[in-house]
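Listed below are the residues making up each chain.
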Amino acid sequence: MFTIGRTNFKSITTCLMQQVFTNVYRQRSPDGKWNIFRLRSGDHVKNEDFYDRYDPVSRSTTPTLFYRNSTLSRFVIKTCPRLERPFSPPCWLRNGHVQTILTYLLAGRPLAHSSAQFNRQFLQMKDGGIVSIDWYIGSRSLQESSSVVIVIPGLFADSLSVSKYCKTANKRGYRPLVFHRRGTTGCPFTTPFIKPAGDPTDFRQLTTFVQYLYPDAKLFAISYGLGSNILLSYLGEYGSSSRMTATVAISAAFDSQQLYSIGISRPYKWLIEIKLKLWLLRLVPALGKHISKKRSAWLKTNLYNAEHKLMKDMHKYSSVEEYWENNNPLRDADDISTPLLCINSSDDPISSEKNIAYDLFSVYPNLILALTDTGGHCGFMDKLAGASWADELSLDYFSAMSKFSKIENKRKANTCIVRNNYYYHQK
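Residues numbered from 1 in each chain as written. Predicted model: local features only at pLDDT ≥ 70, side-chain atom pairs only at ≥ 80, totals over all residues. Heavy atoms only, no water.

Novice: Sorry if this is basic, but what is going on with the packing of aromatic side chains here?
Specialist: Think of a pair of aromatic rings as described by two things: how far the centres are apart, and how the planes are tilted against each other in angle. Counted under the stated rule, the structure contains 18 aromatic pairs. Judged by centre distance (5.6 Å) and plane angle (80 degrees), the ring pair of phenylalanine 179 and phenylalanine 203 falls under edge-to-face. On the criterion of sequence distance, the pair formed by phenylalanine 179 in strand E8 (residues 175–180) and phenylalanine 203 in helix H5 (residues 201–213) is long-range, its members being 24 residues apart. Each of the two residues, phenylalanine 179 as well as phenylalanine 203, counts as buried. (Phe/Tyr/Trp six-rings, centres within 6.5 Å; stacked < 30°, edge-to-face > 60°. Helix = DSSP H or I, 4+ residues; strand = E, 2+ residues; numbered from the N terminus. Buried < 20%, exposed > 50% of the residue type's maximum accessible area, 1.4 Å probe, protein only.)

Novice: In this structure, what is going on with the pairing of strand E10 (residues 246–250)? I would like to understand it.
Specialist: Counted residue by residue, E10 has 5 buried out of 5 residues, so it is predominantly covered. Both strand E9 (residues 219–224) and E10 contribute to a ladder of 5 bridges, which runs parallel. The residue bridging serine 223 from the neighbouring strand is alanine 249, located in E10. Between the parallel elements E9 and E10, the chain passes through helix H6 (residues 228–238) in a crossover that is right-handed. In terms of strand pairing, E10 meets strand E11 (residues 340–345) through 4 bridges, oriented parallel. (Pairing = 2+ DSSP bridges. Right-handed = clockwise from strand over helix to strand, strands pointing away.)

Novice: Explain the environment of leucine 155 to me, please; I cannot follow it from the model alone.
Specialist: Relative to the helices and strands, leucine 155 resides in the loop between strand E7 (148–152) and helix H4 (163–171). Put simply, leucine 155 and glycine 225 are 70 residues apart on the chain and 7.3 Å apart in space, counted from C-alpha to C-alpha.

Novice: Looking at this structure, I do not really get the pattern of salt bridges. What am I missing?
Specialist: Should their charged atoms come close, side chains of opposite charge can pair. Taken as a whole and judged by the stated rule, the model has 12 salt bridges. The partner of arginine 172 in a salt bridge is aspartate 396, with the nearest N and O atoms 2.6 Å apart. In this pair, arginine 172 is assigned in the loop between H4 and E8 and aspartate 396 in helix H14 (residues 389–426), connecting sequence segments 224 residues apart. Overall, the relative accessible area of 34% leaves arginine 172 in the partly exposed class. Classification of aspartate 396 by relative accessible area gives buried; the value is 15%. The residue arginine 411 makes a salt bridge to glutamate 408 at a minimum N-O spacing of 2.9 Å. Pair noted here: arginine 411 and glutamate 408 are both in helix H14, with a separation of 3 residues, about one helical turn. Note on arginine 411: relative accessible area 43%, which makes it partly exposed. A single network of salt bridges, built from pairs that share partners, joins Asp127, Arg182, Lys195, Asp199 and Asp202. (Salt bridge = Lys/Arg side-chain N within 4 Å of Asp/Glu carboxyl O.)

Novice: How do you make sense of the pairing of strand E5 (residues 118–124) when you look at a structure like this?
Specialist: Remark: a regular strand shows side chains that alternate across the two faces of the sheet. As defined by bridge partners, E5 adjoins strand E6 (residues 130–136) across 7 bridges and the pair is classed as antiparallel. Counted as the bridge partner of asparagine 119 is tryptophan 135 from E6. The antiparallel pairing of E5 with E6 creates a hairpin that spans 5 residues between the two strands, and glycine 128 there sits at a positive phi of about 95 degrees.

Laid out in structure tokens, this is it:
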């Protein structure tokens, strides 16, 4: 038996880390836009490049940022110091399962959110379907031009699950509202079909309605977990006409087909399947021709089959491949023009690190990925009370993008003035 003092243990750990990363060296990419960390020949992994801002020699809890060097990304990093500060939860919160389970257990607890109040409003869609929006009633008085934040909670989550975020956003001058899909959280189900998770038409009509109510307000959106399918699909399908100033996706699933088939850890997958089956059984009166005859089969089905087989038959897709081609969140990634910050964790047991589309952030200058070592699924708690680290970061990002938008609008206006003066003198 032997003991190691704190100082000696620290020095031994430092030596081991230096030994592990002895063969890692840093250089600039040919275009000068990326820091490249290469593993020299003789290592287990050869010819592997890491395009990020992560220094493996001094590893810490500071988020790893993946982005393409641009005016926008430089401005965001400079204006959001939280991106370069360590995310340091207590030692008992440095586990993905603990973060995920605690977030689920604490979300929507009446005692914890007794002061949260929402005003529900139902919106009828063009096809007769009904969605609901919950306006947060906060203590801060807002102006008509105050920015609006549309919150998309996770699958089957209610407004109380994001009440901490809404409260914090209201204190910082935003007008939060929570969007709920058809048939969820007490919203009436009036159509004989379910909208696929990758169909953003209802969300589009919501943004039209909000813009009509507050024409002078900037629109922002934040999504959690599987709710990000709607946001990512919306940004890709509507491109530059999204009406959004900036958006944030927390613990997003970038490839739903891969996620539903093999990506989710088994215990969490079982829980999601149970919730899905209970939800579908409540919709039997409206979906009888699709479910009632095979009710026993639906009780035995898994998440993957429930997602693509039901939707494929309901919306008349010729094949499973055609369904995913039209509903995967990143099917129109090339058309995303709205600034987007994605916040993910390496220890997420639901949207795992393997599901992250890293190449996406190396191509498009308006996309940034912040990857933490811990945080779980939609957790990122550094304390039990108040908003999470990711929630605070998202609001910092929205504030930065508001400033960036004003600067860009001013620059474009000055450019137009210069051009008009040039044309005038030419005449």
